Amino acid sequence: MSLAPPTTPAPQTKPLPVLHGPWPSTAPWARHWPGPVHPASALTVAAVAGAAVVAALSLPLDRPGVGWLLTALAGLAAAIVAGPVQLKGGPPPLVVRPRYRPGPERVAWGTATLALFAVGTFRSAGWLFVLCLLVATLTGALALAGGRSMRSIFAAYTMPFVAAFRSLPWLTRGLTRINRPAGGAGVRIAATAGVSVVLLVAFGGLLASADLHFASALESLVPDLGIDTVFRWFFVGGLAVLSAGAAAYLRSAPPDLSTLDATEGRKVHRWEWAVPLGLLTLLFGAFVSVQAVVLFDGDEPVRAFADEARQGFWQLSFVVGLTLLVLAGAARWAPREKPADRLLIRLILGVLTGLTLVIAATALHRINLYTDEYGLTRLRLLVFWCELWFVFVLVLILVAGRNLRAPWLPRVAIAAGVLALIGLAVANPDGVIAERNLRHNNQPIDLVYLGNLSPDAVPALMKLPPEQRACVLRAISDDLRPGDWRTWNLGSARARSLINGQVGSGQGWC
């Protein structure tokens, strides 16, 4: 009998754990902004596509109009319904991220963005609407990405531009999932769109041939299908896909910028900041003393003082703006651990802020004198509004100096600027300029400048004498070129009605 050789028992191995998602992102920004885990949902893809179609059909690129507001509403709807697809079946994920719900602050930023876009529906001044669009990019970024400190606000402002390109593969994965052959959803969607187009074209053509009024209304709605129109559709639609996709991407998974709010810069030695700012304070004090002597002297003629005010106004405005940057840097790098440091910050920065307030008041006084002597223009009105905002921010800095910490200051300052711009739009700046210049009795009325104002100024210009009014209204009527429904706004419609009444009353042009 033979003995079998001994066998070594097989080593016992532990069963491998079953791992499943969501997997952490390996992108460089994954720590602060991992992005959505799953592809975009079908509703998100449809909403972004719908926003692109609305923008392509309704957005006027050459002037303000109601089309801008409709485009903003379509983009807002796409951001509200945006979200990743909810996968069903399989094991439950190890990490569950609840759906993000914006707080009251972000809702307020979003409302401000919509209000800035709505300015083009009520005002026809192109310069004002361009300024509102630029500010809307900041308020929209704050609504989507958040931000509390200056660092996080700057980071939030760059997020939509990055999200525009990150959203493309996210939306593509969602669209690919919709078009899987198993479901056949893509074929059904294409068939539905094709049937809808055929029905609208067939029955629309029949109804248009049956009634002339309906045909004219349909002709005003349907654009001319030329090469330039098709190119504009693709161009605006592509930009709208990037913009609405970025909003949907940020709405689905906003970044976490809280770590940027909690960090502080490297502190410098006490004398490294106190000596330069102390000398700057002495310089400001000397300037304010000289201005006080000149103001109480009062021997200089008004016109000569107005000319001097015009020459020095811009320098004073730059001084106030640069001082705000200096104060921000001192608040970040000045040490405050010891009581002496805190006392020094309150003393130097408080006096410097107070003197800057006096300089800002001097700039306001100078622009007011110059305006009384030579009239009001758009640039003077806009800079006067900015100076008022500077004064408000300086007052906020004085209030914040009590506790030496004011995390609310950047957001309140931006909110004040946004409200000031919206208030300027409500006040109708071109109308205010026309009213002010009509009451300006020291100099002859500049009819050429009044003729360069937007149609928003027409109601105020109706107070001109008949001959002057006819000349100015003729110049403004050149800007009221005919357009379609996309370019409609209240200011142009009101001006067109008044100008037509002027011509219809028998008063011709000059």
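This is a predicted model, so every value here is computed, not measured. (Residues numbered from 1 in each chain as written. Predicted model: local features only at pLDDT ≥ 70, side-chain atom pairs only at ≥ 80, totals over all residues. Heavy atoms only, no water.)

### Notes on the overall build of the protein chain
Here comes step 1: For the protein chain, the helix and strand inventory stands at 19 helices and zero strands.
Here comes step 2: Within the protein chain, buried positions represent 39% of all 510 residues.
Here comes step 3: A separation of at least 24 residues holds for 80% of the contacts in the protein chain among residues at least 6 apart in sequence.
Here comes step 4: Accessible surface for the protein chain amounts to roughly 29200 Å². Of this, 70% is attributable to carbon and sulfur atoms. (Helix = DSSP H or I, 4+ residues; strand = E, 2+ residues; numbered from the N terminus. Buried < 20%, exposed > 50% of the residue type's maximum accessible area, 1.4 Å probe, protein only. Contact = heavy atoms within 4.5 Å. Areas by Shrake-Rupley, 256 points an atom, 1.4 Å probe, with all protein chains shown as cover.)

### A word on the packing of helix α2 (residues 66-81) against helix α3 (residues 104-122)
Two numbers describe a pair of packed helices, the interaxial angle and the distance between the axes.
Here comes step 1: Across the interface, α2 lies against α3 with an axial gap of 6 Å and an inter-helix angle of 155°. Judged by the inter-axis angle, α2 sits roughly antiparallel to α3. Of the residues in α3, those touching α2 at Val-66, Trp-68, Leu-69, Ala-72, Leu-73 and Leu-76 are Leu-114, Phe-117, Ala-118, Gly-120 and Thr-121. (Axes fitted to C-alpha atoms, helices over the stretch in contact; angles between N-to-C directions. Parallel < 35°, antiparallel > 145°, perpendicular 65-115°, else oblique.)

### Describing the confidence of the model for the protein chain
Detailed reading of the predicted coordinates is not advisable wherever pLDDT falls low.
Here comes step 1: Across the protein chain, the average pLDDT comes to 78, with 75% of residues at or above 70.
Here comes step 2: In this model, residues 16-20 is a region of pLDDT below 50 whose contacts with residues beyond four sequence positions or in other chains number four contacts. (pLDDT = per-residue confidence, 0-100.)

### Regarding the packing of aromatic side chains
Here comes step 1: By the definition in use, this model includes five aromatic pairs.
Here comes step 2: Residues Trp-68 and Phe-129 carry aromatic rings whose centres are separated by 5.3 Å and whose planes lie at 70° to one another, so their mutual orientation is edge-to-face. Note that Trp-68 is positioned in helix α2 and Phe-129 in helix α4 (residues 126-145), a separation of 61 residues in sequence. By the burial criterion, Trp-68 is buried, and Phe-129 matches it.
Here comes step 3: A ring pair is formed by Trp-389 and Phe-390, whose centres lie 5.6 Å apart and whose planes are at 45°; its orientation type is tilted. (Phe/Tyr/Trp six-rings, centres within 6.5 Å; stacked < 30°, edge-to-face > 60°.)

### Quick look at the side chain of Thr-44
Here comes step 1: Mapped onto the elements, Thr-44 comes out in helix α1 (residues 42-58).
Here comes step 2: Overall, the relative accessible area of 0% leaves Thr-44 in the buried class.
Here comes step 3: Excluding its chain neighbours within four sequence positions, the residues that come into contact with Thr-44 are Val-81, Ala-82, Gly-83, Trp-170, Leu-171 and Ala-248.

### Remarks on helix α14 (residues 409-427)
Here comes step 1: For α14, with 19 residues, the first-to-last C-alpha span of 26 Å sits near the 27 Å given by 1.5 Å per residue.
Here comes step 2: All of the buried residues in α14 are Leu-409, Pro-410, Arg-411, Ala-413, Ile-414, Ala-416, Val-418, Leu-421, Leu-424 and Ala-425.
Here comes step 3: Remark: Asn-428 follows α14 within two positions and exhibits a positive phi of approximately 65°. (Expected span 1.5 Å × (residues − 1).)

### Observations regarding the nonpolar core
Here comes step 1: Judged by nonpolar contacts, the single largest core of 42 residues is most densely connected at Leu-128 and Leu-461.
Here comes step 2: Per element, the largest residue contribution to this core is seven residues, and it comes from α4.
Here comes step 3: Those residues within four positions of Leu-128 in sequence are excluded, and the remaining contacts are Val-119, Arg-123, Leu-421, Leu-424, Ala-425 and Pro-429.
Here comes step 4: If you look at the next biggest cluster of nonpolar residues, it comprises 26 residues, including Leu-316, Val-320, Leu-344 and Leu-394. (Core = buried A, V, L, I, M, F, W, Y, C linked by side-chain atoms within 4.5 Å.)

### Some thoughts on the pattern of salt bridges
Here comes step 1: In this structure the tally under the stated criterion is four salt bridges.
Here comes step 2: A salt bridge links Asp-430 to Arg-378; the shortest N-O distance between them is 3.0 Å. You can see Asp-430 sitting in helix α15 (residues 429-438) and its partner Arg-378 sitting in helix α13 (residues 378-400), a full 52 residues away along the chain.
Here comes step 3: For Asp-430, a relative accessible area of 0% corresponds to the buried category.
Here comes step 4: Look at Arg-378 and you get partly exposed, because its relative accessible area is 23%. (Salt bridge = Lys/Arg side-chain N within 4 Å of Asp/Glu carboxyl O.)

### Remarks on the environment of Ala-331
Here comes step 1: Along the chain, the position of Ala-331 falls in helix α11 (residues 302-333).
Here comes step 2: Each C-alpha atom, one on Ala-331 and one on Lys-267, is 10.0 Å from the other, the two residues being 64 residues apart in sequence.
Here comes step 3: Aside from chain neighbours lying at most four places away, what touches Ala-331 is Lys-267 and Arg-336.

### Structural notes on the environment of Gly-120
Here comes step 1: If you trace the backbone, Gly-120 turns up in helix α3.
Here comes step 2: For the pair Gly-120 and Gly-65, spaced 55 residues apart in sequence, the C-alpha to C-alpha distance is 5.1 Å.
Here comes step 3: For Gly-120, the contacting residues outside a window of four places in its chain are Pro-64, Gly-65, Val-66, Phe-129 and Asn-489.

### Some remarks on unusual backbone geometry
Here comes step 1: With a phi close to 65°, Asn-428 is a non-glycine residue in the positive phi region.
Here comes step 2: Judged by its relative accessible area of 14%, Asn-428 is buried.

### Describing a nonpolar patch on the surface
Here comes step 1: A surface patch of nonpolar side chains, about 620 Å² in accessible area, is lined by Leu-43, Val-54, Leu-70, Leu-73, Leu-76, Ile-80, Val-81 and Trp-485.
Here comes step 2: Breaking the nonpolar patch down by element, the ones donating at least two residues are α1 and α2.
Here comes step 3: At five residues, α2 tops the list of elements feeding residues into the nonpolar patch.
Here comes step 4: For Trp-485, the position within the fold is in the loop between α18 (466-477) and α19 (490-504). (Patch = residues over 30% accessible without salt bridge, like charges linked within 9 Å, V, L, I, M, F, W, Y side chains within 5 Å.)

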